[in-house]
Amino acid sequence: MYNDNWSSNFLKDKLKDFDSIKTIIPSDNNLLKIERKKGASFLTFTMSLESIKLNDIEEIVNYKSDIKFITNIKKEYKISGSAMNFLNSKKISFGGMGDLMRFANKEDNSLQLDKEFGFVHRGLNQHDKVKSIERLDNKRIKIERVVLKDVIAVMNNDYELGAESVRSYKARFNDFKVMISTNPNARISTEAYTIAKSLNIDICKWGELLGKLNTSWS
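This one's a predicted model, so the numbers in the text were calculated from it and none came from an experiment.

Peer 1: Help me out: how do you make sense of the sheet that holds strand β9 (residues 140-145) in this one?
Peer 2: Paired through their backbone hydrogen bonds, the strands of a sheet run either parallel or antiparallel. One open sheet holds the 5 strands; their spatial order is β8-β9-β10-β12-β14, and the pairing between them is mixed. Where the open sheet ends on each side, the last strands, each with one partner, are β8 (130-135) and β14 (202-205). Here the average twist between neighbouring strands, direction ignored, is 30 degrees. As judged from the 4 bridges shared by strand β10 (residues 151-156) and strand β12 (residues 178-181), these two strands associate in the parallel manner. Counted as the bridge partner of Val154 is Met179 from β12. Contacting β8, β9 and β10, helix α5 (residues 115-125) runs over the sheet at an angle of about 160 degrees to β8. Against the sheet, helix α6 (residues 163-173) touches β9, β10, β12 and β14, its axis set at about 125 degrees to β10.

Peer 1: Teacher, can you tell me more about the environment of Thr71 here?
Peer 2: Tracing the chain through its elements places Thr71 in strand β5 (residues 69-72). The exposure class of Thr71 is buried, given its relative accessible area of 0%. Between the C-alpha atom of Thr71 and that of Asp4, which follows or precedes it by 67 residues, the distance is 13 Å. Residues within four places of Thr71 in sequence aside, it is in contact with Leu11, Thr44, Phe45, Thr46, Met47, Gly95, Gly96, Met97 and Leu100. For Thr71, the side chain forms a polar contact with the side chain of Thr44, separated by 2.9 Å.

Peer 1: Sorry, what's going on with helix α3 (residues 81-89) here?
Peer 2: Because an α-helix packs 3.6 residues into every turn, residues spaced three or four apart end up facing the same way. By the burial criterion, the buried members of α3 are Gly81, Ala83, Met84, Phe86 and Leu87. Of the surrounding elements, those touching the buried residues of α3 are α2 (54-63), β5, β6 (78-79), β7 (93-95) and β8.

Peer 1: Explain the packing of helix α1 (residues 7-15) against helix α4 (residues 97-105) here, please?
Peer 2: The description of two helices packed together rests on the angle between their axes and the distance between the axes. Look at α1 against α4: their axes get within 12 Å of each other, and the N-to-C directions meet at 55 degrees. Between α1 and α4, the interaxial angle falls into the category oblique. The two elements α1 and α4 cross, and the hand of that crossing is right-handed. Residues Phe10, Leu11, Lys14 and Leu15 of α1 form the contact with α4, whose participating residues are Met97, Leu100 and Met101. Class assignment for the residues of the contact of α1 with α4 results in 6 nonpolar, no polar and 1 charged.

Peer 1: Would you take a moment to explain the sheet that holds β5 for this structure?
Peer 2: Strands sit in the order β1-β2-β3-β5-β7 across an open sheet of 5 strands; the sheet is mixed. Two strands close off the open sheet at either side, each with one partner strand: β1 (21-26) and β7. Neighbouring strand axes in the sheet, compared pairwise and without regard to direction, differ in orientation by 25 degrees on average. Examined bridge by bridge, β5 and β7 share 3 bridges and lie parallel to one another. Following the sheet pairing, Ile70 is matched in β7 by Phe94. Where α1 meets the sheet, it contacts β1, β2 (31-36), β3 (42-47) and β5, and its direction lies at approximately 120 degrees from that of β3. Sheet contacts for α4: β1, β2, β3, β5 and β7; angle to β5, the most-contacted strand, approximately 150 degrees.

Peer 1: For this particular structure, what's the right way to read the pattern of salt bridges?
Peer 2: Think of it this way: side chains of opposite charge can pair up when their charged atoms draw near. Following the criterion strictly, the structure yields 13 salt bridges and no others. For Asp114, the salt bridge goes to Arg135, with nearest N and O atoms at 3.2 Å. Of this pair, Asp114 sits in the loop between α4 and α5 while Arg135 sits in strand β8, placing them 21 residues apart in sequence. The residue Arg140 makes a salt bridge to Asp137 at a minimum N-O spacing of 2.7 Å. The pair Arg140 / Asp137 is uniform in exposure class, with both members buried. Ionic contacts of the salt-bridge type, sharing partners, join the residues Lys177, Asp202 and Lys212 into one network.

The rules behind the values
Residues numbered from 1 in each chain as written. Predicted model: local features only at pLDDT ≥ 70, side-chain atom pairs only at ≥ 80, totals over all residues. Heavy atoms only, no water. Pairing = 2+ DSSP bridges. Helix = DSSP H or I, 4+ residues; strand = E, 2+ residues; numbered from the N terminus. Axes fitted to C-alpha atoms, helices over the stretch in contact; angles between N-to-C directions. Contact = heavy atoms within 4.5 Å. Buried < 20%, exposed > 50% of the residue type's maximum accessible area, 1.4 Å probe, protein only. Polar contact = N/O pair within 3.5 Å; in protein donor to acceptor, adjacent residues only side chain to side chain. Parallel < 35°, antiparallel > 145°, perpendicular 65-115°, else oblique. Left-handed = near helix turned anticlockwise from the far one by under 90°. Nonpolar A, V, L, I, M, F, W, Y, C, P; charged D, E, K, R; others polar. Salt bridge = Lys/Arg side-chain N within 4 Å of Asp/Glu carboxyl O.

Below, the structure is given as C-alpha coordinates:
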(Lines give C-alpha, C1' and ligand atoms only; values in the text may rest on other atoms or scores of the structure.)
Protein backbone atom coordinates (compact mmCIF):
# COMPACT_ATOMS: atom_id res chain seq x y z
CA MET A 1 0.00 0.00 0.00
CA TYR A 2 1.12 3.55 -0.70
CA ASN A 3 3.09 5.13 2.14
CA ASP A 4 5.45 8.10 2.45
CA ASN A 5 6.98 10.11 5.27
CA TRP A 6 6.06 13.63 4.19
CA SER A 7 2.69 14.21 2.46
CA SER A 8 0.51 14.29 5.60
CA ASN A 9 2.88 16.76 7.30
CA PHE A 10 2.97 18.86 4.15
CA LEU A 11 -0.82 18.97 3.98
CA LYS A 12 -1.19 19.71 7.70
CA ASP A 13 1.21 22.66 7.39
CA LYS A 14 -0.61 24.05 4.33
CA LEU A 15 -4.03 23.85 6.00
CA LYS A 16 -3.13 24.96 9.52
CA ASP A 17 -4.66 28.43 9.05
CA PHE A 18 -7.55 27.43 6.77
CA ASP A 19 -10.74 29.16 7.95
CA SER A 20 -13.07 26.16 7.91
CA ILE A 21 -10.77 23.84 9.88
CA LYS A 22 -10.66 23.70 13.66
CA THR A 23 -7.94 21.09 14.20
CA ILE A 24 -5.89 18.58 12.21
CA ILE A 25 -4.90 15.41 14.06
CA PRO A 26 -2.21 13.17 12.51
CA SER A 27 -2.75 9.43 12.54
CA ASP A 28 -0.71 6.57 11.11
CA ASN A 29 0.28 5.84 7.49
CA ASN A 30 -0.65 9.09 5.74
CA LEU A 31 -3.90 9.62 7.63
CA LEU A 32 -5.20 12.92 9.00
CA LYS A 33 -8.37 13.54 11.00
CA ILE A 34 -9.75 16.98 10.09
CA GLU A 35 -12.23 18.63 12.44
CA ARG A 36 -14.32 21.34 10.86
CA LYS A 37 -15.36 24.47 12.77
CA LYS A 38 -18.88 23.71 11.55
CA GLY A 39 -20.03 20.22 10.63
CA ALA A 40 -18.77 16.67 10.85
CA SER A 41 -15.11 15.75 11.12
CA PHE A 42 -13.57 13.48 8.49
CA LEU A 43 -10.57 11.29 7.77
CA THR A 44 -8.37 11.96 4.75
CA PHE A 45 -5.59 9.87 3.24
CA THR A 46 -2.70 11.83 1.70
CA MET A 47 -0.47 10.79 -1.17
CA SER A 48 1.49 12.15 -4.12
CA LEU A 49 1.23 10.04 -7.27
CA GLU A 50 1.35 10.90 -10.97
CA SER A 51 -0.54 7.77 -12.07
CA ILE A 52 -3.25 6.21 -9.88
CA LYS A 53 -4.86 2.86 -10.65
CA LEU A 54 -7.74 0.91 -9.15
CA ASN A 55 -5.41 -1.32 -7.13
CA ASP A 56 -3.83 1.73 -5.43
CA ILE A 57 -7.25 2.97 -4.32
CA GLU A 58 -8.56 -0.45 -3.25
CA GLU A 59 -5.58 -0.98 -0.95
CA ILE A 60 -6.19 2.37 0.77
CA VAL A 61 -9.92 1.78 1.22
CA ASN A 62 -9.38 -1.78 2.46
CA TYR A 63 -6.88 -0.43 4.97
CA LYS A 64 -9.26 2.22 6.34
CA SER A 65 -12.86 2.00 5.16
CA ASP A 66 -14.06 5.15 6.97
CA ILE A 67 -11.90 7.50 4.89
CA LYS A 68 -14.06 10.26 3.38
CA PHE A 69 -11.50 12.02 1.17
CA ILE A 70 -8.31 10.94 -0.59
CA THR A 71 -5.97 13.88 -1.25
CA ASN A 72 -3.40 13.65 -4.04
CA ILE A 73 -0.86 16.43 -3.60
CA LYS A 74 0.76 16.08 -7.02
CA LYS A 75 -0.77 18.77 -9.24
CA GLU A 76 -0.64 16.92 -12.56
CA TYR A 77 -1.95 13.38 -12.28
CA LYS A 78 -3.97 10.69 -13.99
CA ILE A 79 -6.46 8.47 -12.14
CA SER A 80 -8.19 5.64 -13.99
CA GLY A 81 -11.91 5.62 -14.63
CA SER A 82 -12.27 2.31 -12.79
CA ALA A 83 -10.62 3.83 -9.69
CA MET A 84 -12.96 6.84 -9.85
CA ASN A 85 -16.03 4.62 -10.27
CA PHE A 86 -14.92 2.54 -7.28
CA LEU A 87 -14.51 5.67 -5.13
CA ASN A 88 -17.94 6.94 -6.18
CA SER A 89 -19.50 3.59 -5.24
CA LYS A 90 -17.91 3.88 -1.78
CA LYS A 91 -18.97 7.55 -1.42
CA ILE A 92 -15.34 8.63 -1.02
CA SER A 93 -14.32 11.96 -2.52
CA PHE A 94 -11.00 12.47 -4.31
CA GLY A 95 -8.92 15.39 -5.52
CA GLY A 96 -6.07 17.81 -5.01
CA MET A 97 -5.57 20.39 -2.29
CA GLY A 98 -8.09 22.82 -3.77
CA ASP A 99 -10.70 20.06 -3.88
CA LEU A 100 -9.95 19.17 -0.25
CA MET A 101 -10.47 22.80 0.75
CA ARG A 102 -13.86 22.81 -0.99
CA PHE A 103 -14.72 19.59 0.87
CA ALA A 104 -13.67 21.13 4.21
CA ASN A 105 -15.89 24.15 3.48
CA LYS A 106 -18.94 21.88 3.46
CA GLU A 107 -20.68 20.86 6.69
CA ASP A 108 -21.14 17.19 5.79
CA ASN A 109 -19.17 14.39 4.14
CA SER A 110 -21.43 13.75 1.15
CA LEU A 111 -19.69 12.75 -2.07
CA GLN A 112 -18.06 15.69 -3.85
CA LEU A 113 -18.17 15.32 -7.62
CA ASP A 114 -15.85 16.84 -10.21
CA LYS A 115 -17.38 20.14 -11.41
CA GLU A 116 -15.72 20.03 -14.83
CA PHE A 117 -16.87 16.50 -15.61
CA GLY A 118 -20.35 17.27 -14.25
CA PHE A 119 -20.72 20.21 -16.65
CA VAL A 120 -19.50 18.21 -19.65
CA HIS A 121 -21.58 15.14 -18.77
CA ARG A 122 -24.80 17.14 -18.40
CA GLY A 123 -24.26 18.98 -21.65
CA LEU A 124 -23.43 15.88 -23.69
CA ASN A 125 -26.36 13.95 -22.28
CA GLN A 126 -28.66 16.52 -23.87
CA HIS A 127 -27.08 16.16 -27.32
CA ASP A 128 -29.20 14.14 -29.75
CA LYS A 129 -26.16 12.51 -31.39
CA VAL A 130 -24.70 11.23 -28.09
CA LYS A 131 -25.67 7.69 -27.13
CA SER A 132 -23.48 7.23 -24.03
CA ILE A 133 -20.46 8.65 -22.20
CA GLU A 134 -17.73 6.51 -20.63
CA ARG A 135 -15.24 8.10 -18.25
CA LEU A 136 -11.77 6.74 -19.05
CA ASP A 137 -9.88 8.73 -16.39
CA ASN A 138 -10.01 12.08 -14.61
CA LYS A 139 -9.67 14.01 -17.88
CA ARG A 140 -10.71 11.74 -20.77
CA ILE A 141 -14.14 10.56 -21.85
CA LYS A 142 -15.27 8.29 -24.68
CA ILE A 143 -18.32 9.67 -26.45
CA GLU A 144 -20.42 7.00 -28.16
CA ARG A 145 -22.53 8.58 -30.90
CA VAL A 146 -25.68 7.54 -32.72
CA VAL A 147 -24.63 6.05 -36.10
CA LEU A 148 -21.35 8.04 -36.14
CA LYS A 149 -18.08 6.64 -34.74
CA ASP A 150 -16.94 7.07 -31.14
CA VAL A 151 -14.77 10.04 -30.16
CA ILE A 152 -12.30 10.20 -27.28
CA ALA A 153 -12.02 13.68 -25.77
CA VAL A 154 -9.84 15.21 -23.06
CA MET A 155 -11.06 18.08 -20.86
CA ASN A 156 -8.79 21.10 -20.36
CA ASN A 157 -9.74 23.88 -17.95
CA ASP A 158 -6.64 26.07 -18.42
CA TYR A 159 -7.16 29.82 -18.65
CA GLU A 160 -4.07 30.13 -20.83
CA LEU A 161 -4.20 27.15 -23.20
CA GLY A 162 -0.84 27.18 -24.95
CA ALA A 163 1.40 24.80 -26.87
CA GLU A 164 2.96 23.37 -23.69
CA SER A 165 -0.49 22.47 -22.34
CA VAL A 166 -1.24 20.50 -25.52
CA ARG A 167 2.12 18.72 -25.33
CA SER A 168 1.77 17.82 -21.64
CA TYR A 169 -1.78 16.49 -22.08
CA LYS A 170 -0.64 14.39 -25.03
CA ALA A 171 2.24 12.99 -22.97
CA ARG A 172 0.04 12.22 -19.96
CA PHE A 173 -3.19 11.02 -21.60
CA ASN A 174 -1.94 10.04 -25.08
CA ASP A 175 -5.06 8.65 -26.76
CA PHE A 176 -7.62 11.33 -27.65
CA LYS A 177 -8.94 13.06 -30.76
CA VAL A 178 -10.26 16.31 -29.32
CA MET A 179 -9.28 18.64 -26.49
CA ILE A 180 -12.34 20.35 -25.01
CA SER A 181 -11.58 23.80 -23.62
CA THR A 182 -13.98 23.83 -20.66
CA ASN A 183 -12.97 27.23 -19.31
CA PRO A 184 -15.38 29.79 -20.81
CA ASN A 185 -12.72 32.51 -20.43
CA ALA A 186 -9.86 30.49 -21.92
CA ARG A 187 -7.39 32.12 -24.25
CA ILE A 188 -6.15 29.57 -26.78
CA SER A 189 -2.89 30.50 -28.48
CA THR A 190 -2.12 30.14 -32.18
CA GLU A 191 0.80 27.91 -31.19
CA ALA A 192 -1.59 25.57 -29.34
CA TYR A 193 -3.68 25.11 -32.48
CA THR A 194 -0.52 24.53 -34.55
CA ILE A 195 0.87 21.86 -32.21
CA ALA A 196 -2.55 20.21 -31.92
CA LYS A 197 -2.86 20.00 -35.71
CA SER A 198 0.57 18.38 -35.98
CA LEU A 199 -0.58 15.76 -33.44
CA ASN A 200 -3.93 15.20 -35.23
CA ILE A 201 -5.84 16.74 -32.31
CA ASP A 202 -8.72 19.19 -32.57
CA ILE A 203 -9.11 21.91 -29.94
CA CYS A 204 -12.75 22.85 -29.44
CA LYS A 205 -14.51 25.38 -27.29
CA TRP A 206 -17.78 24.06 -25.87
CA GLY A 207 -20.06 25.34 -28.63
CA GLU A 208 -17.69 24.11 -31.34
CA LEU A 209 -17.67 20.63 -29.81
CA LEU A 210 -21.46 20.41 -29.83
CA GLY A 211 -21.49 21.31 -33.51
CA LYS A 212 -18.74 18.87 -34.49
CA LEU A 213 -20.53 15.99 -32.78
CA ASN A 214 -22.99 16.14 -35.66
CA THR A 215 -20.24 15.47 -38.22
CA SER A 216 -18.27 12.37 -39.22
CA TRP A 217 -15.12 13.85 -37.63
CA SER A 218 -12.18 12.61 -39.70
